[in-house]
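Observations on chain architecture
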Amino acid sequence: MSTWSIAQANLTSVGVLGFIFGFIASRVKSDVRVPDAIYQFLSIYLLFGMGLKGGHSLKATSLTELLTPALATLVCGVLIPLLAFGFLKFIKGLNGVDRGSIAAHYGSTSLVTFSAAILFLESNSIFVEGFAPALLTLMEIPGLIVGIFLASRSLTTKVGWGETMREVLLGKTVLLLLGGLLIGFITSIAGYEKVSPFFVDLLSGFLVLFLIHLGYLAGSNFVEIKSVGKPLALFALTFPVLSGAIGVGAGSLIGLSVGGATALGVLCASASYIAAPAAVSVALPTASPTIALVSSIGITFPFNLIFGIPIYFRLAEFLG
């Protein structure tokens, strides 16, 4: 598959086109966003559905098969926020708390970016290990903890780690993913097949609706991108390529398939805009919510969705 055909397959996918449509609609002042209640439903559906699908796939995976990828994912989950925090030191005007907050966002993951990557790989008949959603759940946690810990060193008051860990571990993202994984793993094949027409077969369609909504939000907040400043905007564009390359390299090194290495690269390159803002608001109330969120959803998310996924796949193909 040539580089152009890879890029073309991604750019002409319904998900990416839906995001672009939502973005354009917002810029021409047309309200195509989904109502808040539907947005919450889509979030819960995607999180639980992806977990359920991954849990069912885990039935065919032995513990020894999962151990090395899980360890590699945890290492990446610790390394990436450390690197982000270090690079952010070169951006003037950012205090330690905001650097830690941004590092937590980039150390965590984006379910929608990951889902779009899986959809891209599956639609092009590229094999991905069934345990990939389990890696998503694993990477969600260390990035948040490390980012918040780095920020806490700049605080005069202590972080309430009890409440913070409760939000990290029992927040909607991790709990729904983990719950879906466990249910998908425990239930019988017959039980899974009864619900898969709704939770699995319709997943791609609901993802497109979610992407239209995110495109609208990105377009609506486009002016706010100026508030993050050129150096941080540059970070939001270049750091995902570095962290994505780390993920792809780690995946290739431990023997994942091209699709599996791509998925790990996407996990490492993505930035959270659901779990991280909730956890950071609890642990770091003085951190600016705007710069981290605009950076992650306004710049990094569209970059990964449109350009990043083909880049990480091409790199995985080259290394594989």
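The preceding data block contains the structure.
Attention here is on the structure that accompanies the text.

About the criteria used
- Position labels on residues start from 1 in each chain and follow its written sequence.
- Since the coordinates come from a predicted model, pLDDT governs what is reported: local features require at least 70, and pairs of side-chain atoms require 80 or more to be given and counted, while whole-chain, interface and lining totals use all residues.
- Excluded from the side-chain calculation are hydrogens and water; included are all heavy atoms of the structure.
- To obtain an axis, a line is fitted to C-alpha atoms, over the contacting stretch when the element is a helix, and the angle between two such axes runs from 0 to 180 degrees between their N-to-C directions.
- Numbering of helices and strands runs from the N terminus, with a helix taken as a DSSP run of H or I at least four residues long and a strand as a DSSP run of E at least two residues long.
- Throughout this description, any angle smaller than 35 degrees is read as roughly parallel, any larger than 145 degrees as roughly antiparallel, any in the 65 to 115 degree range as roughly perpendicular, and the remainder as oblique.
- With the far helix as reference, a near helix turned anticlockwise by less than a right angle produces a left-handed crossing, and one turned clockwise produces a right-handed crossing.
- Any two residues having at least one pair of non-hydrogen atoms within 4.5 Å are treated as being in contact.
- Asp, Glu, Lys and Arg are counted as charged, while Ala, Val, Leu, Ile, Met, Phe, Trp, Tyr, Cys and Pro are counted as nonpolar; the rest, among them Gly, fall into the polar class.
- A residue counts toward a patch only above 30% relative accessible area and without a salt bridge, and it is joined to like-charged neighbours within 9 Å or, for Val, Leu, Ile, Met, Phe, Trp and Tyr, to nonpolar neighbours within 5 Å.
- All accessibility values rest on the Shrake-Rupley procedure with a 1.4 Å probe; residue burial counts only the protein chains present in the view.
- In what follows, salt bridge is the name for a side-chain nitrogen of Lys or Arg lying within 4 Å of a carboxyl oxygen of Asp or Glu.
- Three exposure classes are used, based on accessible area relative to the maximum for each residue type with a 1.4 Å probe and protein chains only: buried under 20%, partly exposed in between, and exposed over 50%.

1. Overview of the packing of helix α4 (residues 63-88) against helix α7 (residues 132-152)
Contact geometry of α4 with α7 gives a least axis separation of 8 Å together with a crossing angle of 30°. With respect to α7, the axis of α4 lies roughly parallel. Once α4 is placed against α7, the crossing between them reads as right-handed. Only Leu135, Leu138, Met139, Pro142, Gly143, Val146, Gly147 and Leu150 of α7 make contact with α4, whose side of the interface consists of Leu66, Pro69, Ala70, Thr73, Leu74, Cys76, Gly77, Val78, Pro81, Leu82 and Phe85. In the contact of α4 with α7, the residues fall into 15 nonpolar, four polar and no charged.

2. Quick notes on a nonpolar patch on the surface
Together, Ile38, Phe41, Phe198 and Leu202 make up a nonpolar patch on the protein surface, roughly 330 Å² of accessible area in all. With respect to the helices and strands, isoleucine 38 occurs in helix α3 (residues 36-57).

3. Here we look at the pattern of salt bridges
Tallied over the entire structure, the rule returns three salt bridges. Of the charged contacts in the structure, one is a salt bridge between glutamate 122 and lysine 53, with a shortest N-O distance of 2.9 Å. With a gap of 69 residues between them, glutamate 122 in helix α6 (residues 111-123) and lysine 53 in helix α3 connect regions that are remote in the sequence. The class for glutamate 122 is partly exposed, based on a relative accessible area of 42%. Since its relative accessible area comes to 21%, lysine 53 is described here as partly exposed. Among the salt bridges present, the one from arginine 314 reaches glutamate 317, with a minimum N-O distance of 2.6 Å. Placement of the pair is arginine 314 and glutamate 317 together in helix α15 (residues 289-319), with a separation of three residues, close to one helical turn. Overall, glutamate 317 belongs to the partly exposed group, its relative accessible area being 29%.

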